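Chain residues, written in single-letter form:
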Amino acid sequence: RAVTPVLGFAMAWRLEAMFKKGFTQEALRDIREFWGKMLDKDSRTAWERLDVYELNRTNYYDALGSFCHSWTASPGYQLPAWVVGVRPLEDGFRSVIVEPKLDTLDYAEATVPTQNGEIFARAERHGQGCKLYLELPEGVEKCTVKWAEDQEQIVHGCGKYCFSDKVIVEKR
């Protein structure tokens, strides 16, 4: 935390690096802290600046810059991609990976739009293990579910699946 970016653009890259290197808990902490402030202020948009703690009518625009800044919306991509773990392995999501990283969360779910339909994934903590509910649209030819470096499962084709971190439970 030696350097904390104040602009959403820089924080997006910081979060991406943290998620890629396995610092999920720290990335989630930053999202709660910085984006939580926006939610606490009842914002319906993502502000350009992340370092604004007190707002009043005289400093509102100067403090925030843009009220709706696309780069500051990065958790909208990063949470489905790195916490639920839904990412493309090939163009067009023909091949995907689902690699849940719940860390301290009890569950996480996402619906990821693709050109062939939506991918739905919900990862839940169950005792010492995890379960994953997954719906794949037509056009997804292969899905790799990865629980750990040495623990993955592969399914082919669209459909509804239920996995545990031990075995494929069922194709529903």
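Below, the structure is looked at part by part. Along every chain, residues carry numbers that run from 1 in the direction the sequence is written. Since the coordinates come from a predicted model, pLDDT governs what is reported: local features require at least 70, and pairs of side-chain atoms require 80 or more to be given and counted, while whole-chain, interface and lining totals use all residues. Side-chain numbers here rest on the full set of heavy atoms in the structure, without hydrogens or water.

**A word on the packing of helix H1 (residues 8-20) against helix H4 (residues 75-84)**
Applied cut-off: Note on geometry: axes are C-alpha line fits, over the in-contact stretch for helices, and angles between N-to-C directions span 0 to 180 degrees. Secondary structure counts use DSSP, requiring at least four H or I residues in a row for a helix and at least two E residues in a row for a strand, with both numbered from the N terminus. Each angle receives one of four descriptions, namely roughly parallel if under 35 degrees, roughly antiparallel if over 145, roughly perpendicular if within 65 to 115, and oblique otherwise. Any two residues whose heavy atoms approach within 4.5 Å at even a single point are treated as in contact. Lys, Arg, Asp and Glu make up the charged group, whereas Ala, Val, Leu, Ile, Met, Phe, Trp, Tyr, Cys and Pro make up the nonpolar group; the residues left over, Gly among them, are polar.
H4 packs onto H1 with a crossing angle of 5° between their chain directions and a minimal axis gap of 11 Å. Comparing the axis directions of H1 and H4 gives the class roughly parallel. Contacts between H1 and H4 involve Ala12, Leu15, Glu16, Phe19 and Lys20 from the first element and Pro75, Tyr77, Gln78, Trp82 and Val83 from the second. Here the contact of H1 with H4 is built from residues that sort into seven nonpolar, one polar and two charged.

**Quick word on the pattern of salt bridges**
The criterion, for reference: Just to be clear on terms, a salt bridge is a Lys or Arg side-chain nitrogen sitting within 4 Å of an Asp or Glu carboxyl oxygen.
Counting across every chain of the model gives eight salt bridges. A single salt-bridge network, built from bridges that share partners, covers Arg14, Arg29 and Asp30.

**Focus: helix H2 (residues 24-40)**
Here is the rule: In this analysis, the expected span of each helix is defined as 1.5 Å times one less than the number of residues it contains. The reported bend at a residue is simply the angle between two axes, fitted to the 7 residues ending at it and to the 7 residues beginning with it. The buried label goes to any residue with under 20% of its type's maximum accessible area, the exposed label to any with over 50%, and the partly exposed label to all in between, with areas taken from a 1.4 Å probe on protein chains only.
In this model, H2 (17 residues) spans 23 Å end to end at C-alpha, consistent with the 24 Å of a helix rising 1.5 Å per residue. A bend of about 30° at Phe34 is the largest found in H2. Within the span of H2, buried status applies to Thr24, Ala27, Leu28, Asp30, Ile31, Phe34, Trp35, Gly36, Lys37 and Met38. Contact partners of the buried residues in H2: H1 and H4. Phi turns positive, to about 65°, at Asp42, one or two residues after H2.

**Some details on the nonpolar core**
The cut-off we apply is this: Throughout this description, the term nonpolar core refers to a set of buried Ala, Val, Leu, Ile, Met, Phe, Trp, Tyr and Cys residues connected via side-chain atoms within 4.5 Å.
With 40 residues, the main nonpolar core has Ile119, Leu134 and Leu136 as its most contacted residues. Per-element tally for this core: the top contributor is H2, with six residues. Excluding residues within four positions of it along the chain, Ile119 makes contact with Val86, Phe93, Val96, Ala110, Thr111, Val112, Thr114, Leu134, Glu135, Leu136, Pro137 and Val140.

**Concerning a nonpolar patch on the surface**
Under the convention used in this document: Surface patches are defined over residues having more than 30% relative accessible area and no salt bridge, joining like charges when they lie within 9 Å and nonpolar side chains (Val, Leu, Ile, Met, Phe, Trp, Tyr) when within 5 Å. Accessible surface is estimated by sampling points in the Shrake-Rupley manner with a 1.4 Å probe; for residues, cover comes only from the protein chains shown.
Taken together, the side chains of Val6, Leu7, Phe9, Trp13 and Trp71 define a hydrophobic patch exposed on the protein surface, amounting to about 520 Å² of accessible area. Position of Trp13 relative to the elements: it lies in helix H1. For Trp13, a relative accessible area of 57% translates into the label exposed.

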